[in-house]
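The residues making up each chain are set out below.
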Amino acid sequence: MTIFPRNRRQSAAASAAVALVALATLAGTAAPASASASAPTAAAVAAPATATPSALALPRPTGPYATGRDALLLTDHARPDPWAPDAGPRRLSVTLHYPARPGTGGDPAPYLAEEEARLMLAQRGLDDPAWPGLVSAARTHARTAAAPAPGRFPLVVLSPGFGTPRATLTGLAEELASRGYVVASADHPYETTGMELPDGRVLPCAACDAVDAQPDEAGRRKVLAAVSTGRAADVSFLLDRLTGPRPAWRHARTIDPHRIGMAGHSIGGNAAASTMAADRRVDAGVNMDGMFFDPVSARGLGGRPFLMMGTEPGHGPGGGDTTWDEGWTRLDGFKRWLTVRDSGHFTFTDTPEIGEQLGIVDPSAPLSAARSTTITRAYVTAFFDRSLRGRPARLLDGPSPAHPEVLFRRP
């Protein structure tokens, strides 16, 4: 996870240099939190001036199910918001993707609200007036108000990176739903560049200000550890509202409460481990390139499976992020440590797909969008198929000729 300086104006060339990263990151603190996610230099990036696509689109899901999409705004009246106590109780904005009956539902929903897109881009110094509308309207594939497919399905919770809207994990959410999972993607309020409420108000990133206010790296890490443990509390509340006796979601009957996984990008990946340490209901976790600001519990995770998948070499054994070496020794169930050649911190999100369509080239992470998407989908799905469904997952047994970029690390 890299956290970049806030409120720093960049030249047009420098803005282009970080544009691929910009669609999924926040300018958060003055010092990088991990060597795995450095931004490329402006001189190394070419952004063709003529690259102005008429429409952006996510890759189509590959599973056998049609996919539906729903949304919830949940309020935890038992807990004040940790970043804005005067704002009242903690709220979560949640997108549900689920297996659906073919031919039902309305049009696919927009990727994210235009104001959320504008704030996400502006925070990175990207002020092209056309881009927020393009990103907001990027084509997705799950249909609103679709009738759920018959049956009960495992639940996977997705948590995004610090300062990053949940929308940046939409491609993975749609893929998992198409393969027979209910997926709940959460925006954690005051931890993203902007979270728009149904009444049009937009919540700012108060947690970013808390990180900025710290005098040193130790202070920043302490705040970010609190972000991870706070998200664990968010997810436990979310599970209560999705699987409890009076569920908040109209299609909650489609969820199998005995098969629950969690995956996250960057600090969302750390939060997967934090949640598993705090809540036994989560059966399996995935950390996609996130530093363990909140360390993996010294007691382990009760033998539950965990996948660490990150950049090469930054998240290899003995690499720039030593928290992975420590975390690996504490994981006490089925575990895999994978790194991906030519990847960048945001390889595991929608950023490569959106960035390529905007004409952005990032030579520091030359893995193509198509390969980024294929690898992330394949390994995350295989892990949850094995962990939540008991299915064979040969892809996790060792290197695959179909994915030569993926390295199995066994320190």
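One can find the structure itself at the top, above this paragraph.
Computed from a predicted structure; not experimentally measured.

Things to note about the overall build of the protein chain
(1) Moving on: Scanning the protein chain for helices and strands turns up 11 helices and 12 strands.
(2) Moving on: Within the span of the protein chain, comprising 411 residues, buried residues form 61% of the whole.
(3) Moving on: Pairs at least 24 residues apart make up 76% of the contacts formed inside the protein chain by residues separated by at least 6 positions.
(4) Moving on: Split by element, the accessible area of the protein chain, about 15,100 Å² in all, is 53% carbon and sulfur.

Section: the pattern of salt bridges
(1) Moving on: By the definition in use, this model includes 21 salt bridges.
(2) Moving on: Between Asp76 and Arg79 there is a salt bridge, with the nearest N and O atoms lying 3.2 Å from each other. We note that Asp76, like Arg79, is buried.
(3) Moving on: Close ionic contact of Arg259 with Asp256 constitutes a salt bridge, the shortest N to O distance being 2.7 Å.
(4) Moving on: Here Asp256 falls in the buried class, since its relative accessible area comes to 15%.

Section: the pairing of strand β2 (residues 89-100)
(1) Moving on: Across the 12 residues that make up β2, a large majority, 11, are buried.
(2) Moving on: The pairing of strand β1 (residues 66-80) with β2 spans 12 bridges and is classified as antiparallel. When the sheet's bridge partners are listed, Leu72 is paired in β2 with Val94.
(3) Moving on: Direction of pairing for β2 relative to strand β5 (residues 182-187): antiparallel, over a ladder of five bridges. The partner of Ser93 across the bridge, within β5, is Asp187.

Quick word on helix α5 (residues 170-178)
(1) Moving on: Within α5, nine of the nine residues are buried, leaving the element largely enclosed by the surrounding structure.
(2) Moving on: Buried residues along α5 sit against β1, β2, β4 (153-159), β5, β9 (284-288) and α11 (369-389).
(3) Moving on: Gly180 occupies a position one or two residues after α5 and carries a positive phi of about 95°.

Notes on the environment of Arg69
(1) Moving on: Inspection of the secondary structure assignment puts Arg69 in strand β1.
(2) Moving on: Taking relative accessible area as the criterion, Arg69 reaches 13% and is therefore assigned buried.
(3) Moving on: Sequence separation of Arg69 and Gly106 is 37 residues, and the distance between their C-alpha atoms is 9.8 Å.
(4) Moving on: What Arg69 contacts, discounting residues up to four positions off in sequence, is Thr95, Leu96, His97, Tyr98, Ala109, Pro110, Tyr111, Thr140, Ala142, Arg143, Thr144 and Ala145.
(5) Moving on: Engagement of the side chain of Arg69 in a polar contact is seen with the backbone oxygen of Pro110, the distance being 3.2 Å.

Here is what the cut-offs are and how they apply
- Residues numbered from 1 in each chain as written.
- Predicted model: local features only at pLDDT ≥ 70, side-chain atom pairs only at ≥ 80, totals over all residues.
- Heavy atoms only, no water.
- Helix = DSSP H or I, 4+ residues; strand = E, 2+ residues; numbered from the N terminus.
- Buried < 20%, exposed > 50% of the residue type's maximum accessible area, 1.4 Å probe, protein only.
- Contact = heavy atoms within 4.5 Å.
- Areas by Shrake-Rupley, 256 points an atom, 1.4 Å probe, with all protein chains shown as cover.
- Salt bridge = Lys/Arg side-chain N within 4 Å of Asp/Glu carboxyl O.
- Pairing = 2+ DSSP bridges.
- Polar contact = N/O pair within 3.5 Å; in protein donor to acceptor, adjacent residues only side chain to side chain.

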